[in-house]
Each structure stands twice: as C-alpha cells, then as structure tokens.
Amino acid sequence: AYLCYQMATMGMDPLVSLLVIVPLFFVIGAALHAAIERFEITPFNSLLVTFGLTGIVEAIIQSIWTADFRKLESSYGEHRWKIAGLYVPLPELITLGLAAGLSVAVWAVLRYTDIGRALRASAEDAPIAAAFGIHQKRNALLLAGTCAALASVAGVCLALGFTLAPSQIYAWVGVVFAAVMLGGLGKALAPLAAGVIIGVSEAVTMAVTAPSWAPLVS
C-alpha cells in the first residue's frame, strides 16, 4: 500500500504500479519461504516469525513515511455512483472486481491445471505426493510467491480506498482471519463470499451503532 502511495506521488497510476509491485512481492514471498525452509522453522514457529516480521515492517514504514496518516489522491477517488440510494465509490468497485477475478482464477488453477492438482495433492498427503514425483519444494516456492503477490494486490486496493497508517497493519489481521475461518481453509471462492458478508455486516454495524463497533464483527 505504501509503495503504491509512493509511486502515485511520483506520477504513476496506482493500477499501473501493480506491474512493479506484484513481481516484487512474488520474489519477496518466495525468498521468505526459502529462508524459513533453510532454517527448518516449524509451521507454528513460522507464524511467530511472520508476526515478528510484521513489527519490523511497521518500524520500516515509520522510518520512511513517519507515523503520520497518508492518503493516496487519484482520479479513481473522484468517481462514485448512486445505486439504490447508496453511494458506491470506484475504488471499492475496483477492489471487488479484482477480488472476484483473482478468486475465480485461483479456483480455476487449483481445479483444472496440473500445478493445481499437484498443490492439492501435497496439501492432502505430502509423502504420497512426493512418492508420485511431485516437486514439493519448487511448488512451495511458487505458492509462497503467489500468496505474497496476491497480498500486494490487496495492498494496492487498500491504498486506493483507505487512509494509510503504520499501525493499520494490525487492524486487518482480525478481518483476514475471520474471512479465512468463515470461508474455510484450502478454498478459493468461499473466503470471497465470507469477506463480502463480513464487509456488509461491518457497514451495517457502523450505520446502526458507531464506526468503533465495526471491528467487533470480525
């Protein structure tokens, strides 16, 4: 999100910045996974490591962009439409479109391609999958890089529609966990529906009570 903000201040269109940010984060995600494998960090400890990295990332953001709020100003924010009495901003439509498109694409890859079948087989029974010749290390690097790339797309969407602050990292943890738990692990489309349910529920909560109550939904 902050990289998108920085590129936008230099004159680059926020959506065009995806051409730089997505490949960059693919490499970062694969490198992080390779480091975790190299030091034989267990799955549970890897969760602790990534939370530690979150603190480091927050400190880096503060050192570069300070703790002040930042707002990406773009032409996308100027467009909104009134639908059934509700105002729908263009950045939110872009976010919904990207989320739906990427979710369907991930579902199609997992279901209809050889790499998708290999990933599902490794998740189901890694030793048997390896015995049938599936290259798990290579696939794991590809998966880690893809996950980081998808996260970078989410970051750009956040930059389009939200005010940025370093501490905002933690505000999204509960939402992400809630969407994954409600949608189910290992599924591509269900978390999308869960995210829509959570988002609508939070919006209704803010309208009925107060914005400070919205995080309780997650």
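Placed above this text is the structure.
Before going into details, it helps to say that this report is about the structure given with it. (Residues numbered from 1 in each chain as written. Predicted model: local features only at pLDDT ≥ 70, side-chain atom pairs only at ≥ 80, totals over all residues. Heavy atoms only, no water.)

### A look at a nonpolar patch on the surface
To keep it simple, the criterion reads: Here a patch means residues that are over 30% exposed by relative accessible area and free of salt bridges, tied together within 9 Å if like-charged and within 5 Å if nonpolar (Val, Leu, Ile, Met, Phe, Trp, Tyr). For accessible areas, the Shrake-Rupley method is used with a probe of radius 1.4 Å. Any residue's cover is judged against the shown protein chains and nothing else. Between Lys or Arg on one side and Asp or Glu on the other, a salt bridge is scored when a side-chain nitrogen of the former is within 4 Å of a carboxyl oxygen of the latter. Strands are runs of DSSP state E lasting at least two residues, helices are runs of H or I lasting at least four, and both sets are numbered from the N terminus onward.
Judged by side-chain polarity, Leu32, Val49, Leu53, Ile56, Ile60 and Ile64 come together as a nonpolar surface patch covering roughly 460 Å² of accessible area. Locating Leu53 in the fold gives a position in helix α3 (residues 43-65).

### Points about the pattern of salt bridges
For the record, the criterion: The rule is simple: take the accessible area with a 1.4 Å probe, protein chains only, and divide by the maximum for that residue type; under 20% is buried, over 50% is exposed, in between is partly exposed.
Scanning all chains against the criterion turns up one salt bridge. In this structure, Asp114 engages Arg117 in a salt bridge whose closest nitrogen and oxygen atoms are separated by 3.2 Å. Here Asp114 pairs with Arg117, and both are found in helix α5 (residues 114-124), just three residues apart, close to one helical turn. By relative accessible area, which is 63% here, Asp114 ends up exposed.

### Here we look at the packing of helix α9 (residues 173-183) against helix α10 (residues 190-208)
Here is the rule: Working convention: axes come from line fits to C-alpha atoms, limited for helices to the stretch in contact. Angles between N-to-C directions cover 0 to 180 degrees. Oblique is the label for any angle not covered by the other classes, which are roughly parallel (under 35 degrees), roughly antiparallel (over 145) and roughly perpendicular (65 to 115). Put simply, a crossing is left-handed when the front helix is turned counterclockwise from the back one by less than a right angle, and right-handed when it is turned clockwise. In this analysis, two residues are considered to be in contact whenever any of their non-hydrogen atoms come within 4.5 Å of each other. Basically, the charged four are Asp, Glu, Lys and Arg, the nonpolar ten are Ala, Val, Leu, Ile, Met, Phe, Trp, Tyr, Cys and Pro, and anything else, Gly included, counts as polar.
Contact pair α9 / α10: the axes reach a minimum separation of 8 Å and the direction vectors enclose 125°. Classified by the angle between their axes, α9 and α10 sit oblique to one another. Remark: the crossing between α9 and α10 carries right-handed chirality. From α9, Val175, Ala178, Ala179, Leu182 and Gly183 reach across to α10, where they touch Ala190, Pro191, Ala194, Gly195, Ile198 and Glu202. When grouped by side-chain class, the residues that make up the contact of α9 with α10 number eight nonpolar, two polar and one charged.

### A look at unusual backbone geometry
The phi dihedral of Glu40 is positive, around 50°, even though this residue is not glycine. The phi dihedral of Thr66 falls on the positive side, at around 65°, and the residue is not glycine. The topology assignment puts Thr66 in the loop between α3 and β1 (80-83). When its relative accessible area of 32% is taken as the criterion, Thr66 is described as partly exposed.

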